[in-house]
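# Structure at a glance
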Amino acid sequence: MTTFKSLFKQMFLQKRRYAHLVLLLQIFAVIFIFVFSINSNEYKSLFVIGNKTNNWDILFWIGCYTTVISDLIFLGLLCWQNEKINLSQTWQLVPVSSIKIWLTNIFSSLIECVYIFIIQVIFGILVITFDCLSKKVNFFTEITKSAAWNWSWADFEGIIELLIYLISICLIVFTFVSFANLLTRTIIDQLPGKNTLIIKIFVMALLVIIAVFIAAKLNDQVLFMYYSRTKAVDYDNVDLLRISIVEYLVGTIVLGIVNCILVDEFVETKIK
């Protein structure tokens, strides 16, 4: 019987190469944009913050912008890899249940996101460190001053909340993509005649539109219920981030249960 540890290790190593590829492309993009911007005042102004901006500051902001794009690309690659594993005959030959494979698949992708995030943060800290050395200022003093950091629980709470929010986004994206793909496969398998790629794309697009519409309506209802039960609250200070976290985590659990049912009852038998 294959253990969770060995199964997770194989999936993690298989996906890690995409993390390294995205990081390598990001490094090339940062270097290219940096060289291009320092030779062009027009583009350099896009990354200049304040009057005392130096090359390290420009490099840092270029890294921030490219990180957003790189992470979105990496998220798409992980979704693609997840679905390859979910519907792979090779992975289905592993002596474990399909549900366990799916759960391990999602968890390994989440850890991949943590992996690339940590590397990007380390690079960011290194750039900030060299920036502080060039300005001859203390690293911790500069960070505390620029980020208005008071070393209080409220500061740590905000960071923890933001990290949980990022994790919940990754989970809802992974589970939703699996839901759309698995449900599309299940529907297509029930249709008579030859199923072409166009039909599959049409069915998946229709499912995505319906799911987004339902999610938007549910979000409106949740916000309406929240506001109606807290009439005395200052709406400008409502923590919508926490509401989004709860919605994403609940959606992840619901879609995860549906995905497990689809994998166990419909997809697994068709693959085998």
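Residues numbered from 1 in each chain as written. Predicted model: local features only at pLDDT ≥ 70, side-chain atom pairs only at ≥ 80, totals over all residues. Heavy atoms only, no water.

### A few points about the overall build of the protein
Convention followed: Under the scheme used here, helices are H or I runs from DSSP no shorter than 4 residues and strands are E runs no shorter than 2 residues, and both carry numbers assigned from the N terminus. Relative accessibility decides the category of a residue: with a 1.4 Å probe and only protein chains considered, values under 20% of the type maximum give buried, values over 50% give exposed, and everything between is partly exposed. Contacts between residues were defined by any pair of non-hydrogen atoms, one from each residue, lying within 4.5 Å.
Looking only at helices and strands, the protein features 9 helices and 0 strands. Classification of the 272 residues of the protein by burial places 33% in the buried group. The long-range fraction of contacts in the protein, counting pairs at least 24 apart against all pairs at least 6 apart in sequence, stands at 77%.

### Regarding the nonpolar core
Selection criterion: Buried residues of nine kinds, namely Ala, Val, Leu, Ile, Met, Phe, Trp, Tyr and Cys, make up a nonpolar core once their side-chain atoms join them within 4.5 Å.
In this structure, Phe74, Cys113, Cys170 and Phe174 are the most contacted members of the largest nonpolar core, which totals 20 residues. When contributions to this core are tallied by element, the ones reaching two or more residues are helix 1 (4-38), helix 3 (55-86), helix 5 (98-135), helix 7 (153-190) and helix 9 (240-271). Top contributing element to this core by residue count: helix 5, with 5 residues. Apart from residues lying up to four places away in sequence, Cys113 is in contact with Phe74, Leu75, Leu78, Cys170 and Phe174. Counting residues in each nonpolar core, the second largest holds 7 residues, with Leu7, Met11, Val94 and Ile101 among its members.

### Brief notes about the UniProt feature "transmembrane region" (unreviewed entry) in the protein
Put simply, the test is: UniProt positions are given in the numbering used here, feature names are shortened, and annotations may be inferred rather than shown by experiment.
The residues that UniProt annotates with the feature "transmembrane region" (unreviewed entry) are residues 21-38, 58-80, 101-130, 162-184, 196-216 and 245-267. Overall, residues 21-38 shows 100% helix and 0% strand. The separation of its end C-alpha atoms is 26 Å. With 100% helix and 0% strand, residues 162-184 has its two end C-alpha atoms placed 33 Å apart.

### Observations regarding the pattern of salt bridges
This is how the line gets drawn: We define a salt bridge as a side-chain nitrogen of Lys or Arg found within 4 Å of a carboxyl oxygen belonging to Asp or Glu.
Counted under the stated rule, the structure contains 2 salt bridges. Put simply, Glu157 and Arg242 hold a salt bridge, and the shortest N to O gap is 2.5 Å. Here Glu157, found in helix 7, pairs with Arg242, found in helix 9; they are 85 residues apart in sequence, far enough to count as distant. Assessed through its relative accessible area of 28%, Glu157 is described here as partly exposed. Between Glu161 and Arg242 there is a salt bridge, and its shortest N-O distance comes to 2.9 Å. Here the residue Glu161 occupies a position in helix 7, and Arg242 occupies one in helix 9, the gap between them amounting to 81 residues. By relative accessible area, which is 12% here, Glu161 ends up buried. Taken together, the shared-partner salt bridges connect Glu157, Glu161 and Arg242 into one network.

### Describing the environment of Phe123
Residue position: Phe123 is located in helix 5. A residue is classified by how much of its surface remains accessible, and Phe123, at 45% relative accessible area, is partly exposed. Note: C-alpha distance between Phe123 and Gly63 (60 residues apart in sequence) is 8.8 Å.

### Here we look at the packing of aromatic side chains
What counts is decided by this rule: Whether two aromatic rings pair depends on their centres lying within 6.5 Å, for rings of Phe, Tyr and Trp, where Trp uses its six-membered ring; planes under 30 degrees apart make the pair stacked, over 60 edge-to-face, and the rest tilted.
Across all of its chains, the model carries 11 aromatic pairs by this definition. Ring centres of Phe4 and Phe8 lie 6.0 Å apart, and the angle between their planes is 20°; this geometry places the pair in the stacked category. One end of the pair is Phe4 and the other is Phe8, both in helix 1 and 4 residues apart, which spans about a single turn. Classification of Phe8 as buried rests on a relative accessible area of 18%. When the ring of Phe8 is compared with that of Phe107, the centres are 5.5 Å apart and the planes differ by 45°; the resulting orientation is tilted. A residue pair is termed long-range when its members are at least 10 positions apart, and Phe8 in helix 1 and Phe107 in helix 5 qualify at 99 residues. The partly exposed category is assigned to Phe107, whose relative accessible area is 37%.

### Here's the deal with the layout of surface pockets
For the record, the criterion: Using a grid of 1 Å spacing that covers the protein atoms alone, one calls a set of points a cavity when a 1.4 Å probe fits there but cannot get out, and a pocket when the set is open and has protein on both sides within 12 Å along at least five of seven lines; lining residues are those with an atom within 4 Å of a point. Grid points are joined across faces, edges and corners, and a volume is the space filled by probe spheres set on the points. Gly is placed with the polar residues, together with every amino acid not listed as nonpolar (Ala, Val, Leu, Ile, Met, Phe, Trp, Tyr, Cys and Pro) or charged (Asp, Glu, Lys and Arg).
Here the second largest pocket is characterised by a volume of approximately 770 Å³. Every residue lining the second largest pocket is counted, 22 residues in all, and those nearest its centre are Ile172, Ala211, Ala215, Leu218 and Gly251. The dominant element in the lining of the second largest pocket, judged by the number of residues it contributes, is helix 8 (residues 197-229), at 9 residues. Looking at the lining of the second largest pocket, its residues break down into 19 nonpolar, 2 polar and 1 charged.

### Considerations on the environment of Val30
By the secondary structure assignment, Val30 is in helix 1. Taking relative accessible area as the criterion, Val30 reaches 12% and is therefore assigned buried. Remark: the alpha-carbon pair of Val30 and Thr67, spanning 37 residues in sequence, is separated by 9.5 Å. If we skip the residues at most four places from it in the chain, Val30 touches Leu59, Ile62, Gly63 and Thr66.

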